[in-house]
Amino acid sequence: MRFTKVQRAEGPAYGILEDDRIELISGLPWIEGWSRTGVAVDLADAVLLAPVAPAKIVAIGRNYAAHVAEMSFDPAAEPSVFLKPSSSLLDPDGTVVLPPLSMSDHVEHEAELVVVIGREARDISEEEALSYVLGFTCGDDVSARDLQRSDPHITRAKGFDTFAPVGPWIETELDLASARVIGRVNGQVRQDQPVSDMLFDVPRILASVSRWTTLFPGDVVFTGSPGGSGRLEPGDQVEIEILGLGTLRHSVAAAQV
Ligand code: MG
């Protein structure tokens, strides 16, 4: 099943995507008791929103050997975790706004599989972890590389407004064993790796994170970038595709200063 979030005149609403039509639901996808409303809109006419409601955006770094190597990082013994502010969330087809050049002149894309949490998870085991997942979506962990290197913490490098594009919808039945993450910029493939290349898989990530923080329904977990992350310039068109799920698109613009 695919859950979407759409902008309606009366406000945001969730829906189920079936055959290019979105049937709106009452309630939230992660709260039992939601129901179909019978009201449908064409996907082509819908304004899609990031299909999540994160109290926090969790992100894992250093999770593909190729990316660890290109960043000259040391491998992590445990999932390496950080947070992105919820204000960095960007809707599908949105615009990543680069920081003013006086703050950063080197921003990169990171195509990632994103987990959407379905029920409250605290101190869960790897064995039960996937039962806390509602589904998966695409994300771009946009990163200011120069600040990532020079700031004492990576909060600012990872946390600018618009630095967390997420969408286009939640796929509840993604086959992680065969899923691939692909990142394209202006039609050119820069990243393309199977999810199975992760150093720490999704159950391991969720078990590790839930040992120190409670994951809430609607929270999201970025699972790390494959190799091939690269520089973004104003005017770039970025696609994050997960085979079997869909494609998230965003553009890139310079700061208005
Ligand atoms: Mg990342």
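Up top you'll find the structure we're talking about.
Notes on the structure in this doc start here. On a predicted model such as this, the values are computed, not experimentally measured, just so you know.

Criteria and thresholds
Residues numbered from 1 in each chain as written. Predicted model: local features only at pLDDT ≥ 70, side-chain atom pairs only at ≥ 80, totals over all residues. Heavy atoms only, no water. Helix = DSSP H or I, 4+ residues; strand = E, 2+ residues; numbered from the N terminus. Rg over C-alpha atoms; globule rule 2.2 N^0.38 Å. Buried < 20%, exposed > 50% of the residue type's maximum accessible area, 1.4 Å probe, protein only. Contact = heavy atoms within 4.5 Å. Areas by Shrake-Rupley, 256 points an atom, 1.4 Å probe, with all protein chains shown as cover. Lys, Arg positive; Asp, Glu negative; His and termini not counted. Charge placed at Lys NZ, Arg CZ, Asp CG, Glu CD. Pairing = 2+ DSSP bridges. Donors = N, O, S within 2.8 Å, 3.2 Å for Na, K, Ca; no water. Axes fitted to C-alpha atoms, helices over the stretch in contact; angles between N-to-C directions.

Tallying secondary structure elements over the chain gives 4 helices and 19 strands in all. Taking 18 Å as the expected radius of gyration for a compact globule of 257 residues, we find that the chain reaches 17 Å, a close match to that expectation. Counting only C-alpha atoms, the chain reaches 50 × 45 × 30 Å along its principal axes. By residue count, 56% of the 257 residues in the chain fall in the buried class. Here the contacts in the chain between residues at least 6 apart in sequence split such that 72% fall between residues at least 24 apart. Looking at the chain as shown, the accessible area adds up to about 10900 Å², and 49% of this sits on carbon and sulfur atoms. Each charge sign in the chain was given a centre, from 21 positive and 38 negative side chains, and these centres are 3 Å apart.

A few words now on the pairing of strand S15 (residues 180-185). Within S15, 5 of the 6 residues are buried, which leaves the element mostly enclosed by the surrounding structure. One ladder, built from 6 bridges, connects S15 with strand S16 (residues 188-194); its direction is antiparallel. Counted as the bridge partner of Ile-182 is Asp-192 from S16. In this structure, the hairpin formed by S15 and S16 is closed by a connection of 2 residues, where Asn-186 is found at a positive phi of approximately 50°. Bridging between S15 and strand S18 (residues 237-242) involves 5 bridges; their strand directions are antiparallel. If you follow Val-181 over to S18, its bridge partner there is Ile-242.

Turning our attention to the pairing of strand S12 (residues 133-140). With 8 of 8 residues buried, S12 lies mostly within the body of the structure. Examined bridge by bridge, strand S11 (residues 111-117) and S12 share 7 bridges and lie antiparallel to one another. Each residue of the ladder has a partner; that of Val-114, found in S12, is Thr-137. Pairing analysis gives 3 bridges linking S12 to strand S14 (residues 164-171), with the strands arranged antiparallel. The residue of S14 that forms the bridge with Phe-136 is Glu-171.

We now examine the coordination of the magnesium ion. For the magnesium ion, the full set of protein donor atoms is Glu-110 (OE), Glu-112 (OE) and Asp-141 (OD), at a range of 2.0 to 2.1 Å. All donors of the magnesium ion belong to a single chain; written as a sequence motif, their spacing is E-x1-E-x28-D. Taken together, the residues span a long stretch of sequence, with Glu-110 in the loop between strand S10 (107-108) and S11 and Asp-141 in the loop between S12 and strand S13 (143-144) at a distance of 31 residues. Residue classification places Asp-141 among the buried residues on the basis of a relative accessible area of 1%.

Let us look at the sheet that holds S15. Strands in a sheet are paired, the pairing made by backbone hydrogen bonds, and the direction either parallel or antiparallel. Taken in spatial order, the 5 strands of this open sheet run S9-S19-S18-S15-S16, and their pairing is mixed. Because the sheet does not close on itself, it has two edges, and the strands there are strand S9 (94-97) and S16. Ignoring strand direction, the axes of neighbouring strands in this sheet form an average angle of 20°. As paired strands, S9 and strand S19 (residues 246-253) are joined by 4 bridges and run parallel to one another. Bridge pairing in S19 places Gly-94 opposite His-250.

Attention now goes to the environment of Leu-24. Structurally, the position occupied by Leu-24 is in strand S3 (residues 21-26). The buried category is assigned to Leu-24, whose relative accessible area is 7%. The residues touching Leu-24, leaving out its near neighbours within four places in the chain, are Val-6, Arg-8, Ala-13, Tyr-14, Gly-15, Ser-35, Arg-36, Thr-37, Gly-38 and Val-39.

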